[in-house]
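Chains, contacts and geometry: an overview
What follows is the residue order along each chain.
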Amino acid sequence: MADAVVEFLLANLKELLLYHVDLLSGVKDQVESLHRELSLMKAFLKDSREKRDESAYVREIVRQITDVTYEAEDIIDTFVVHAAMQKARSVLKRAFHALDHTNMLRSVSEDIKSIKVKVKEIYDKKMFGIESLQSGEPSHKPSARKRAPIVEEENVVGFDEEARTVVERLTDGPEQLEVISVVGMGGLGKTTLAKKVYSDPSIEYHFYIRAWVYMSQQYCRREVFLGILDSMGLITDQVYKMNDDRLAEELCRHLRSNRYLIVIDDVWTTEAWNDIKMAFPNTACGSRILLTSRNTEVAMHANPYCNPHRLRFLTNEESWELLCKKVFREGSCPPELQELGQRISKRCDGLPLAIVVVSGLLSKREKTRTWWNKVAESVSTYVARDPTQCMDVLALSYKHLPDHLKVCFIYFGAFPEDFEIPVSKLLKLWVAEGFIQQIGQETLEDIAEEYLVDLVDRNLVIVAKKRANGRIKSCRIHDMLRDLCIREGAEENFLQVIRGIPDRASLTSIPNYCRRLCIHSHVLEFVFSRPSGPHVRSFFCFSMDERDVPREHTSFVHEAFNLVRILDLKSIIFSRFPNEIVQLVHLRFLSLSGHFKVLPPAISNLWNLQTLVVVTTSRNLDIQADLWKMLQFRHLHTSGLSCLHGPRAETRKDSEDPFVRRNIQTICTIVPECCTENILSRTPNLKKLGIRGKLVMLVQERGGMSLFDNLAKLDHLETLKLLNDTFPLDPFKCHIPGLPQSYKFPPNLKKLTLSDTLLDWSEMSTLGMLPNLEVLKLKDYAFRGSRWEPLDGGFRLLRVLQLGRSDLVHWHASSHHFPRLERVVLKHCTHLEEIPCGFGEVSALQNMELYWPTPAAAASARLIQQQKQQDQRMVNSAFKLLIYPPDL
């Protein structure tokens, strides 16, 4: 952890010296000297990595380095805040505060001298007591060649018979509602077994409705109900505004007349079950609740008349099989490692989580007897079936992580238990925290994704959802590994998590150098307590209920955390834009919700800001901030129809444009009128663009040119969303007459989403000509017309096709039209008579999902499934068909 702390401060000092040297007036020489001293510490940390586990003396030196680095960081950051405030003042006010500024300069100069003395003392100690070593594992470099994320399905070993037993209990028995429970200790595989059962074909066929929700220790009744409704595809704006009791009634109404299966994962207390059970009606339809828990008392309370299914530990043979599958995938263990491997798997004592985590440790290093013997000796000191000692087994993988992954892994402790983490947000946070260092020409976000894939490969992170292109969309972490993150994070003053109602004692117990503070419930109570965290650099709110912050408390962040870099306040709603935030000059990531109509110009003063996320209840948002002044800015995410303005200053044609921002990668969403050359020509590396509004303004030609023409120059754009929002006009009265020619689309476009565009199906020929298109999502009313006959030669790389509501009746297609199609999703295509039978000839097609199709379309899909199963020429015969409702 010390490595990351020192590295970040060095990068910060370098940036100040290169780009904001005016703020260091009077202390520049001292800052340069401090940079040199800390560089020596960085070299020592690199040399001492392997020695830390063996020597308490080295660990103490490393701890001292961390403390002194934090102290130096506080001094520099506090001075920068003061200097920025002085710079922003008028001439008169600057003169008035001149004495204060002089005193601050003197104080900072003395503080830096003191830091340098401490650094020298530490350096002398380490020179006296430690011999430098060569580092065992490279600290930073992932493979030079970028890997596609490997997202394998969970290897389930020893669960076949268990799954059959649970499936039988769910599908047999009385017609009355029954609760079936799976119980066992953490890490035993309760969730894995439940997933295997949930996706069993006989379960999919038997139950008309299936839904899954995570409960966890810190649950919110409302979130549980919303999670189930979301799993059933029933979330609307109206539903989202309902209170707990109304949500329970709404859920009960949808379940009442159907045979349903609800999986409630990780229930901790009997009170938790009592809180939600009223939402599940007993209508004698053969419905079931599958509940997982560590607590047998919970299971017996939920159903006193039915013994729970007690999950067993793996046998030695099953443990060895699981370890081999995780370490060698499709290969086999070399003979010289088998005895050691069997000893390691046996000492994991049949606990799948321990085996999986240790497997990740074995698979990421060279497979030698020396390394495997070292792991075997380490595992042998713990007994995996004891939860406390199991934590030490899991900690082995953490201790052997390379430094750049340690800090990324511990960061998972900031998120609530069983929280599904959006990967796009996680990567932006890692970048903003300074965890990711530039390597070659790759973007920081791409490098961050490599780190995440590495953690997944090490079996420390669970893939929750995949994107259409196979990459990771969201992830989770096992709650025992999360506990490990919180434990290690607290020891390193890296993060503190506050759960439950905060009292004064919990607030005053924030460690002196605690850098990250995470509030997981009762956020407003925390705000009202007037917290103080002068050393906090990241502040997260994960309230289950969105709550309005009273106007008199909107300034709490600036008062409590004036050195903060990360502010995630999306779960609380501001009545007005908190203008005090613009004084937080170190801010790099800002996420806000509120009743905003304007983003003020003063946001431009946040020169470090990289990511801005604004969710507003207002339909329109005017972005008055001058993003073109912000050199570090990378991502803009706004709700509603957002108006983004171009640079306010003129540029000379004979000189380089100073307002080109090559860092900007995301702009979502803006109105069509903002897609001007003045804006898009200054974002040459844009990867994702969302446009929402009257799209006719985007494609309408004037003088032979349209605003859409500006998109053709975005060579790096991969994702484009076009949402035709014509409110208050009916979309039928303001639809797009046609698409621009294919050459006017971004040349490297891979993913395209259209909604409410009401195009004629003949326009699909234009999209078919896009050379790199892999994912096409046609949301509701993207196209209209009763017949679609694709042309040959199009969609050469298309892998995913999604169709929403439309009046399509006849669709003719074959492998000639979609040669590489892997997945087809149809939602509410209630007029479509048949799925093209030619899809049975598409060898790449692996997955088809139909939601509320016509009975004829469902029948045709089943015929395709039969053809797939009989076709021996398929490379992969595991074709999956999902039809909802299942009895169509």
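Predicted model only: the values in this text are computed from it and were never measured. Starting afresh in each chain, residues are numbered from 1 along the sequence in its written order. Under the rules for a predicted model, residues below a pLDDT of 70 receive no local features and side-chain atom pairs below 80 are neither given nor counted, while totals for whole chains, interfaces and linings still include all residues. Excluded from the side-chain calculations are hydrogens and water; all other atoms, namely the structure's heavy atoms, are used.

1. Side note on the packing of aromatic side chains
Stated precisely, the cut-off is as follows: Classification of ring pairs uses Phe, Tyr and Trp, with its six-membered ring standing for Trp, and accepts pairs whose centres are within 6.5 Å; under 30 degrees between planes counts as stacked, over 60 as edge-to-face, and the remaining range as tilted. Comment: elements are numbered from the N terminus, with helices defined as DSSP H or I runs of at least four residues and strands as E runs of at least two. Here, a charge over a ring means that NZ of Lys or CZ of Arg falls within 6 Å of the ring centre while also lying within 35 degrees of the ring normal.
For the structure on display, the rule yields 28 aromatic pairs. Ring centres of F412 and W430 lie 6.2 Å apart, and the angle between their planes is 80°; this geometry places the pair in the edge-to-face category. Of this pair, F412 sits in the loop between α19 (403–410) and β6 (421–422) while W430 sits in helix α20 (residues 423–433), and the two are 18 residues apart along the sequence. Joined through ring pairs, the aromatic side chains of Y411, F415, F419, F435, F494, F540 and F542 make up one cluster. Seen from the ring of Y398, K406 lies directly overhead, with NZ or CZ sitting 5.6 Å from the centre. We note K827 situated over the ring of Y851; from NZ or CZ to the ring centre the distance is 5.7 Å.

2. Some words on helix α15 (residues 335–347)
This is how it is decided: In this analysis, the expected span of each helix is defined as 1.5 Å times one less than the number of residues it contains. Summary of the burial criterion: residues with accessible area below 20% of their type's maximum are buried, those above 50% are exposed, and those between are partly exposed, where the area comes from a 1.4 Å probe applied to protein chains only.
In this model α15 runs 19 Å from its N-terminal to its C-terminal C-alpha over 13 residues, within 8% of the 18 Å that 1.5 Å per residue would give. Buried within α15 are the following residues: L337, L340, G341, I344 and S345.

3. Description of the confidence of the model for the protein
For the record, the criterion: Confidence scores per residue from the predictor, reported as pLDDT, run from 0 to 100. The contact definition used throughout considers only heavy atoms, calling two residues in contact when any of these lie within 4.5 Å.
Of the residues in the protein, 91% reach a pLDDT of 70 or more, and the chain-wide mean stands at 85. Predicted confidence is poor over residues 128–153, with pLDDT under 50, and the contacts of this stretch with residues over four places away or in other chains come to 56 contacts.

4. Some words on the pairing of strand β24 (residues 775–778)
To be explicit about the condition: A strand pair is defined by DSSP finding two or more bridges across the two strands.
Along β24, one buried face is formed by V775 and K777 and the opposite face, lined by L776 and L778, is buried too. In this structure, strand β22 (residues 751–755) lies alongside β24, joined through four bridges in parallel fashion. Bridge assignment links L754 to a residue of β24, and that residue is L778. Summarising the sheet, β24 and strand β27 (residues 800–803) pair through four bridges and their orientation is parallel. Looking at β27, one finds that K777 is bridged to Q802.

5. Focus on the sheet that holds strand β1 (residues 178–183)
Pairing between sheet strands relies on hydrogen bonds along the backbone, with the strands arranged either parallel or antiparallel. This is how it is decided: Note on geometry: axes are lines fitted to C-alpha atoms, helical ones only across the stretch in contact, with angles between N-to-C directions running from 0 to 180 degrees.
Reading across the sheet, the five strands line up as β2-β3-β4-β1-β5 and stay open at both edges, with parallel pairing between neighbours. Two strands lie at the open edges of the sheet, namely β2 (209–214) and β5 (309–310), each paired on one side alone. Where strand β3 (residues 260–265) meets strand β4 (residues 288–293), four bridges bridge the pair, whose relative direction is parallel. Bridge pairing in β4 places L261 opposite R288. Where helix α7 (residues 190–198) meets the sheet, its contacts fall on β1, β2, β3, β4 and β5, and the angle it forms with β2 comes to roughly 165°.

6. Description of the sheet that holds β6
Pairing is antiparallel across the open sheet formed by three strands, whose spatial order is β6-β8-β7. This sheet does not close on itself; its edge strands, each paired only once, are β6 and β7 (462–466). With two bridges joining them, β6 and strand β8 (residues 472–476) adopt antiparallel strand pairing. Among the inter-strand pairings, P422 is bridged to a residue of β8, identified as S474.

7. Re the domain arrangement of the protein
Quick note on the threshold: These domain boundaries are the output of an automatic or database domain assignment. Buried area is calculated as the accessible area (1.4 Å probe) missing from two parts once they are joined, with the contributions of both summed. The term salt bridge refers to a side-chain nitrogen of Lys or Arg lying within 4 Å of a carboxyl oxygen of Asp or Glu. As used in this structure description, the phrase polar contact means that two N or O atoms lie within 3.5 Å; if the pair is within protein, one of them must be able to donate a hydrogen and the other to accept it, and residues adjacent in sequence are counted only when both atoms belong to side chains. As a working rule, the residues Ala, Val, Leu, Ile, Met, Phe, Trp, Tyr, Cys and Pro are called nonpolar, Asp, Glu, Lys and Arg charged, and the rest polar, with Gly in that last group.
Per the domain assignment, the segments making up the protein are domain 1 (1–128), domain 2 (159–310) and domain 3 (401–488). For domain 2 versus domain 3, the separation of C-alpha centres amounts to 29 Å. Tallying the contact residues gives 10 residues for domain 2 and six residues for domain 3. Taken together, both faces of the contact between domain 2 and domain 3 bury some 660 Å²; the carbon and sulfur share is 41%. It is Y214, S216 and R294 that lose the most area in domain 2 upon contact with domain 3, and together they represent 51% of the buried surface on that side. Taken together, domain 2 and domain 3 are joined by one salt bridge. Here R294 ties to D479 by a salt bridge, and the two come within 2.7 Å at their closest N and O atoms. Between the two partners, domain 2 and domain 3, sit three residue pairs in polar contact (both at pLDDT 80 or more). The residue inventory of the side of domain 2 that touches domain 3, partitioned by class, reads two nonpolar, five polar and three charged.

8. So, unusual backbone geometry
A cis geometry characterises the amide bond from C668 onward to T669, with omega recorded as -10°. Its place among the elements puts T669 in strand β19 (residues 666–670). Cis geometry is found at the peptide bond from Y884 to P885, where omega equals -5°. On the secondary structure map, P885 appears in the segment after β31 (880–884). The backbone phi angle of D266 is positive, close to 70°, even though this residue is not glycine. Among the structural elements, D266 can be located in the loop between β3 and α12 (270–276). Look at D266 and you get buried, because its relative accessible area is 8%. Here F795, not a glycine, exhibits a phi torsion of approximately 50°, which is positive. The topology assignment puts F795 in the loop between β26 (787–788) and β27.

9. Brief notes about a positive patch on the surface
As a reminder of what qualifies: Each patch is assembled from residues with relative accessible area greater than 30% and no salt bridge, linking like charges that lie within 9 Å and nonpolar side chains (Val, Leu, Ile, Met, Phe, Trp, Tyr) that lie within 5 Å. All accessible-area figures derive from a Shrake-Rupley calculation using a 1.4 Å probe, and residue coverage is judged against the displayed protein chains alone. His is not counted, nor are the chain ends; Lys and Arg add positive charge and Asp and Glu add negative charge. By convention, the point assigned to a charge is CZ for Arg, NZ for Lys, CD for Glu and CG for Asp.
On the surface, R467, K473, K779 and K827 cluster together to form a positively charged patch. The residue K473 is located in strand β8 in this model. We classify K473 as partly exposed; its relative accessible area is 39%.

10. Details of the packing of helix α14 (residues 316–328) against helix α16 (residues 352–363)
Condition: For any helix crossing, the convention is left-handed if the near helix is rotated counterclockwise from the far helix by under a right angle, and right-handed if that rotation is clockwise.
Following both chains from N to C, one finds α14 and α16 inclined at 40°, their axes separated by 9 Å at the closest point. The two elements α14 and α16 cross, and the hand of that crossing is right-handed. Where α14 abuts α16, its residues S319, L322, L323, K326 and V327 lie against P352, I355, V356, S359, L362 and S363. Residue composition of the contact of α14 with α16, grouped by class: seven nonpolar, three polar and one charged.

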